Amino acid sequence: MAANTIKMMKSPIPKKSTGSLWLLIIFILFAELMVYTWIRTESTQVLLRISKAEEHLLEKRSYHKTLLAEMEWLKSDARITRIARNRLNLSTVTMEQTIYLSGEDG
Amino acid sequence: MAGDFNIRIRRRIVVIQFLMVASILLLCCKSFDIQVFKAKELSEKAENDYSRNITIKGERGQILDQNMNKLGASIDAVSITACPAKITDPGKTARKIAGLLDIDPNKLKETLSSKRMFAWVQRGVTPDQAEKIRELNIPGIYFENDPTRYYPNRSLAAQVIGFTGADDSGLEGLECRYNSVLEGRTRKISLTRDGNGRILDYEKKRSSELKGDSIVLTLDKKIQFLSEQALEQAVTNHQARSGMALVMRPGTGELLAIAHYPEFNPNNYKVYNREAYRNRAVTDAFEPGSAMKVFTAAAALEKGVTPKTIIFCEKGTYRIGSFTIHDTHSYEWLTISQIIQLSSNIGAAKITESIGDKTLYNCLSGFGFGSRTDIGITGETPGNLIPYRKWSKIDSGAISFGQGISASALQLITGISAIANGGNLMKPLLVKKIISNQGELIQEYQPQVVRRAISPGTAQELKAMMNLVVSREGTGTKASIDGYQICGKTGTAQKVSEGGRGYAKNKYTSVFAGFAPLENPELAILVIVDEPQKQYYGGDVAAPAFKTIMAESFNYLNIPPEKNNNMVALASEGGKN
């Protein structure tokens, strides 16, 4: 009777253990799948963000180049001379505007 | 009863198990088929959908003046491209885009109807047009930053710099000559896109290391501008056809300015006549007229004739064979110095008679006439100096005063510079150095003496003669600048008639060539005005422009006057313009 009781108590234990093991394996696999998916998604998102930042950087560089070229035009002699003459009514420095005083005359 | 039920359940389980195993086996087979047998085909299809192979090109190198100011630079213009294979309705897309870009919709439809993976829609569109098309959000239409050449100083030195075409390749001027140096390098890259067409590896498009090398010129932007301004004034004041002005440092042969009028804007070159593109200072030869007399005098001095040797100038008319040559005034006895000062044609012809054709020819060849300077500009003319053995009597007479010989403006300024620097013919220098995109020096061009054209003694005597030209009695008084000793020579050449026989009436080339200060010449300047109306003497037309360029350049370069060391300069409050 005692032996039978022991048998009855022992037999369900392995069944429970196998089910849990399977459950654990499935959980691990599912978790791995989820983590993998999450990493892939995050990686793609980061790639996109980097790519977007690079694009932004290239756009800014391009704009900077355009601004440098524009600056060259803004400081060009032709433009400055035209503004000086037409808007500010200035004249070009000529040799006649320099008076030379002889040292001998004091 | 219960036993039957159990048996049925078991059978069902077996069937389901069988079906599941069969399904798994089928899946395995399909998977094997996809991954092994169809792998290549499918990966190519995926590549086509998500990857795009493109060739990127580095930006074109810059063209800089000697102070590193940008004369030609590249900026990014937006270009619209398409992947026709991804465009579902080419007709509708073409209509939408063509309306905004003002292009032919049928032609665009044809382009978009192909099954290619890449096609240009329009290059170099305005930011406004690009934005409007971007807002349409059409799948298969992309926007690229396409480098485009931009000349911030517009027409400044346009004939020297040249311009590039739609594919960013040099078409004219230095842009064409130095295309291989300036051109950016190319690289093939593969860009990956996600399902929405967004690029995942944009960093591959970085092309800074592919940028072309830059060239640094000897030109000085400020002196170039001053020269162009003075030249424009001379040409418009005298209603002339065109003009040229060159500024050179006599000691080194560096060209500080090469000005042309009429000018053109290389940013919009298509609206100008092709004639305007040419660097005429290098490509075109002209008869220099009396400016050549200094070289005739140089030949005489080298032969041993002194500046005080007197020559009878036949009272203004002299017959050579069947031709008669004239002076503007009637002269009798003139020294060699006076012949230069008063610009006597008869005197110059008689100098040649006394020294011989061969001596004159050798001297002119020594100054570089009749051969290219090898400045490195495409289409350079050697001019025309006939071998002396083929000269007729009138040829030797005419060549002595600058008719019957042709030279480029570059040859003439180089020859004048040789007198200024004491007799050394320098190789003209336009490109100073080539630098890499990182700013490292790749190649530097040093001043180079071609040969000794005349002795230092002869050069000194010629300088004194040329100084007399701008004196009160000379023909070039309008070139004199208070405080500086200027040396120069006027020239007025009749132009050959359009038929090529004889000289045209009332068509002249006015020339003034000179340098200053006398003792230590800093600048040599040549001004040429083509076909001026009413006034046509070099001393009236070209000399004032020479004076303006020289005076303003001295002002800019801080070259002080040399008349009296005790003089103190004070800026007056006002002044004449």
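Residues numbered from 1 in each chain as written. Chains lettered and ligands numbered in written order. Predicted model: local features only at pLDDT ≥ 70, side-chain atom pairs only at ≥ 80, totals over all residues. Heavy atoms only, no water.

Notes on the overall build of chain B
In step 1: In terms of helices and strands, chain B carries 18 helices and 25 strands.
In step 2: Since a compact globule built from 577 residues should have a radius of gyration of about 25 Å, the 36 Å found for chain B marks it as more spread out than a globular shape.
In step 3: Residue burial in chain B is summarised as follows: out of 577 residues, 52% are buried.
In step 4: Sequence separation of at least 24 residues holds for 71% of the intrachain contacts in chain B that already meet a minimum separation of 6.
In step 5: When the accessible surface of chain B is totalled, it reaches about 27,400 Å², and 50% of it is carbon and sulfur.
In step 6: Positive and negative charge centroids in chain B, built from 71 and 59 side chains respectively, lie 5 Å apart. (Helix = DSSP H or I, 4+ residues; strand = E, 2+ residues; numbered from the N terminus. Rg over C-alpha atoms; globule rule 2.2 N^0.38 Å. Buried < 20%, exposed > 50% of the residue type's maximum accessible area, 1.4 Å probe, protein only. Contact = heavy atoms within 4.5 Å. Areas by Shrake-Rupley, 256 points an atom, 1.4 Å probe, with all protein chains shown as cover. Lys, Arg positive; Asp, Glu negative; His and termini not counted. Charge placed at Lys NZ, Arg CZ, Asp CG, Glu CD.)

A word on the overall build of chain A
In step 1: Tallying secondary structure elements over chain A gives three helices and one strand in all.
In step 2: Listed N to C, the secondary structure of chain A is α-α-α-β in terms of helices and strands.
In step 3: Relative to its 106 residues, chain A shows a buried fraction of 15%.
In step 4: For chain A, the exposed surface amounts to about 8,800 Å²; the carbon and sulfur share of it is 68%.

Brief notes about the sheet that holds strand β11 (residues 254-261) of chain B
Paired through backbone hydrogen bonds, the strands of a sheet run either parallel or antiparallel to each other.
All names here are of chain B.
In step 1: Here we have five strands laid out as an open sheet, ordered β11-β10-β24-β23-β22, and antiparallel in their pairing. With partners counted over all chains shown, the strands left at the sheet margins are β11 and β22 (487-496), one partner each. Strand after strand, the sheet turns through a mean of 10 degrees between neighbouring axes, direction not considered.
In step 2: In this sheet, strand β23 (residues 503-516) lies alongside β22 in antiparallel orientation, the contact comprising nine bridges. Opposite C487, over in β23, you have F515 as the bridge partner. (Pairing = 2+ DSSP bridges. Axes fitted to C-alpha atoms, helices over the stretch in contact; angles between N-to-C directions.)

Comments concerning the pairing of strand β20 (residues 441-444) of chain B
Residue and element names in this part refer to chain B.
In step 1: Both strand β19 (residues 431-435) and β20 contribute to a ladder of three bridges, which runs antiparallel. Bridging from a neighbouring strand, I435 pairs with L441 of β20.
In step 2: Between β19 and β20, which pair antiparallel one after the other, the connecting turn spans five residues, and G439 there sits at a positive phi close to 90 degrees.

Description of the packing of helix α3 (residues 90-101) of chain B against helix α5 (residues 127-136) of chain B
Residues and elements named next belong to chain B.
In step 1: Relative to each other, α3 and α5 sit at 160 degrees, their axes nearing to 10 Å. As summarised for this structure, α3 and α5 are arranged roughly antiparallel, according to the angle between their axes. Note that α3 runs across α5; the crossing there is right-handed. Where α3 abuts α5, its residues K96, I97, L100 and L101 lie against Q129, K132, I133 and L136.
In step 2: Of the residues in the contact of α3 with α5, the class split is five nonpolar, one polar and two charged. (Parallel < 35°, antiparallel > 145°, perpendicular 65-115°, else oblique. Left-handed = near helix turned anticlockwise from the far one by under 90°. Nonpolar A, V, L, I, M, F, W, Y, C, P; charged D, E, K, R; others polar.)

Points about the packing of aromatic side chains
Residue and element names in this part refer to chain B.
In step 1: Tallying each qualifying case throughout the model produces 17 aromatic pairs over all chains.
In step 2: Taking the centre distance of 6.0 Å and the plane angle of 65 degrees together, the rings of F264 and Y272 count as edge-to-face.
In step 3: A relative accessible area of 1% means that F264 is categorised as buried.
In step 4: Summarising the aromatic geometry, the rings of F264 and Y277 are spaced 5.2 Å apart at their centres and angled 55 degrees between planes, so their arrangement reads as tilted. Of this pair, F264 sits in the loop between β11 and α10 (280-283) while Y277 sits in the loop between β11 and α10, placing them 13 residues apart in sequence.
In step 5: Among the aromatic residues, those joined into a cluster by ring pairs are F163, F264, Y269, Y272 and Y277.
In step 6: In this arrangement the basic side chain of R123 is found over the ring face of W120, its NZ or CZ atom lying 4.1 Å from the centre. (Phe/Tyr/Trp six-rings, centres within 6.5 Å; stacked < 30°, edge-to-face > 60°. Lys NZ or Arg CZ within 6 Å of the ring centre and 35° of its normal.)

Notes on the confidence of the model for chain A
In step 1: Looking at chain A, pLDDT values average 80 and 72% of them are 70 or higher.
In step 2: Summarising per-element confidence for chain A, the mean pLDDT is lowest in helix α1 (residues 2-10) of chain A (50) and highest in helix α3 (residues 77-86) of chain A (92). (pLDDT = per-residue confidence, 0-100.)

Looking at a positive patch on the surface
Residues and elements named next belong to chain B.
In step 1: Taken together, K92, R95, K96 and K109 make up a surface patch of like positive charges.
In step 2: Ranked by residues supplied to the positive patch, first place goes to α3 with three residues.
In step 3: In this structure, K109 sits in helix α4 (residues 105-112).
In step 4: On the basis of relative accessibility, which here comes to 41%, the residue K109 falls in the partly exposed class. (Patch = residues over 30% accessible without salt bridge, like charges linked within 9 Å, V, L, I, M, F, W, Y side chains within 5 Å. Salt bridge = Lys/Arg side-chain N within 4 Å of Asp/Glu carboxyl O.)

Some details on the pairing of β22(B)
In step 1: Along β22(B), seven of the 10 residues are buried, which leaves the element largely enclosed by surrounding structure.
In step 2: In textbook terms, the turn of a hairpin is the stretch between consecutive antiparallel strands, and for β22(B) and β23(B) this stretch comprises six residues, one of which, G500(B), has a positive phi near 90 degrees.

A look at the nonpolar core
A general feature of soluble globular proteins is that nonpolar side chains tend to end up buried together.
All names here are of chain B.
In step 1: Core analysis: the largest hydrophobic core is formed by 89 residues, its most contacted members being I215, F295, F367 and F369.
In step 2: Per-element tally for this core: the top contributor is helix α16 (residues 409-420), with eight residues.
In step 3: Here F369 is in contact with M292, F295, L364, L385, I405, A407, Q411 and L412, once residues within four sequence places are set aside.
In step 4: In this structure, I223, A230, A259 and I486 belong to the second largest nonpolar core, which totals 33 residues. (Core = buried A, V, L, I, M, F, W, Y, C linked by side-chain atoms within 4.5 Å.)

Quick word on the side chain of T296(B)
In step 1: Mapped onto the elements, T296(B) comes out in helix α11 (residues 293-303).
In step 2: If sequence neighbours within four positions are ignored, T296(B) has contacts with A348(B), I351(B), T352(B), I355(B), L360(B) and S400(B).

Overview of the pattern of salt bridges
Two side chains bearing opposite charge may form a pair once their charged atoms approach each other closely.
In step 1: For the structure on display, the rule yields 26 salt bridges over all chains.
In step 2: Note that D33(B) and K38(B) form a salt bridge whose closest N and O atoms lie 3.7 Å from each other.
In step 3: The exposure class assigned to K38(B) is partly exposed, which follows from its relative accessible area of 34%.
In step 4: Notably, a salt bridge pairs R249(B) with E522(B), separated by 3.4 Å at the nearest N-O pair. Here R249(B) is found in strand β10 (residues 242-249), whereas its partner E522(B) is found in the loop between β23 and β24 (523-530), with 273 residues between them in sequence.
In step 5: Given a relative accessible area of 26%, E522(B) falls into the partly exposed group.
In step 6: A cluster of three or more residues bridged by salt bridges with shared partners is formed by K65(A), E59(B), D76(B) and K211(B).

Concerning the environment of L342(B)
All names here are of chain B.
In step 1: Considering the arrangement of structural elements, one finds L342 in helix α12 (residues 336-342).
In step 2: Sequence separation of L342 and Y331 is 11 residues, and the distance between their C-alpha atoms is 9.4 Å.
In step 3: Those residues in contact with L342 that sit more than four places away from it in its chain are Y331, L334, E473 and T475.

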